[in-house]
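# Descriptive analysis of the structure
Listed below are the residues making up each chain.
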Amino acid sequence: PTDHLSAVQLLRHMAAAGIWARGTKPRFAASEKMTEVTVIGTPEWYRPDFRRLAGRYGHNVLVPVPYAVETKRGAGLAQQVKGPSGRNPTAMVALIEDTLLAFAQANKLAVERKEKLVTTLRSVTVASGATAGLDFRRQDALSALIVLALTHDGFHPFKP
């Protein structure tokens, strides 16, 4: 785990040593000097400037994130929240959006069940929000991550 700037340096050093990120199709099958490995980054690598800075060294890097504008649900949130600045919402915005959705669902259920809101919230899951899913029945409410692969034209949901 490292920040995106250190990751760019690391990827360049790996490439200089003949180690490249593995994709779904081998790039260097005919070369005995090149090795392809699975490179998994951190959510901090999911930044618009990472692709530009990493260049070809970042191709095929996998990045797990809780939210991505490249997904259908993420694109929906981006369309809904994108302001005059034109910037896409962050994972934090998506988590807040889904948490508010969860509270709204829990509040409705709490009234129907005549329970305290906090009791009902512990039974709520959000599978239709902008993130990969919130599940308040568990201690770690984030129940899944979206895995993105970096290609020459940006991040895309990973398809093995």
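Presented here is a report on the structure given in the accompanying data block.

### Here's the deal with the pattern of salt bridges
Applying the stated criterion to the full structure yields 3 salt bridges. Where D49 meets R47, a salt bridge forms, and the shortest distance between an N and an O atom there is 3.0 Å. A salt bridge links R137 to D135, with the shortest nitrogen-to-oxygen separation between them at 2.9 Å. When its relative accessible area of 56% is taken as the criterion, R137 is described as exposed. The class of D135 is buried, set by a relative accessible area of 8%.

### A few points about unusual backbone geometry
Notably, N60 is not glycine yet its phi reads approximately 80 degrees, a positive angle. On the secondary structure map, N60 appears in the loop between α2 (48-54) and β3 (62-65). A positive phi angle is found at K114, which is not glycine, with a value near 60 degrees.

### Regarding the environment of F136
Considering the arrangement of structural elements, one finds F136 in the loop between β5 (134-135) and β6 (146-151). Along the sequence, F136 and K82 sit 54 residues apart, while their C-alpha atoms lie 27 Å from each other. If sequence neighbours within four positions are ignored, F136 has contacts with T99, A102, L121, R122, V124 and A141.

### Observations regarding the packing of aromatic side chains
What the rule picks out here adds up to 3 aromatic pairs. On the basis of an interplanar angle of 70 degrees and a centroid distance of 5.2 Å, the ring pair of Y46 and F155 is categorised as edge-to-face. With a gap of 109 residues between them, Y46 in the loop between β2 (35-37) and α2 and F155 in strand β7 (residues 154-157) connect regions that are remote in the sequence. For Y46, a relative accessible area of 22% translates into the label partly exposed. Classification of F155 as buried rests on a relative accessible area of 8%.

### Brief notes about the pairing of β3
The alternating pattern of β3 places L62 and P64 on one face and V63 and V65 on the opposite face, and all of these are buried. Direction of pairing for β3 relative to β6: antiparallel, over a ladder of 4 bridges. Across the sheet, the residue bridging to V65 is I146, located in β6.

### With respect to the environment of P1
For P1, the location among the structural elements is in the segment before α1 (4-16). When its relative accessible area of 100% is taken as the criterion, P1 is described as exposed. Sequence separation between P1 and W45 is 44 residues, and the spatial gap between their C-alpha atoms is 9.8 Å.

### Details of helix α4 (residues 91-113)
Along its 23 residues, α4 runs 32 Å from first to last C-alpha, staying within 8% of the 33 Å computed at 1.5 Å per residue. Residues of α4 that are buried include every one of A94, D98, A102, A106 and A110, and no others. Of the residues trailing α4, K114 is marked for its positive phi of about 60 degrees.

Parameters and conventions
Residues numbered from 1 in each chain as written. Predicted model: local features only at pLDDT ≥ 70, side-chain atom pairs only at ≥ 80, totals over all residues. Heavy atoms only, no water. Salt bridge = Lys/Arg side-chain N within 4 Å of Asp/Glu carboxyl O. Buried < 20%, exposed > 50% of the residue type's maximum accessible area, 1.4 Å probe, protein only. Helix = DSSP H or I, 4+ residues; strand = E, 2+ residues; numbered from the N terminus. Contact = heavy atoms within 4.5 Å. Phe/Tyr/Trp six-rings, centres within 6.5 Å; stacked < 30°, edge-to-face > 60°. Pairing = 2+ DSSP bridges. Expected span 1.5 Å × (residues − 1).

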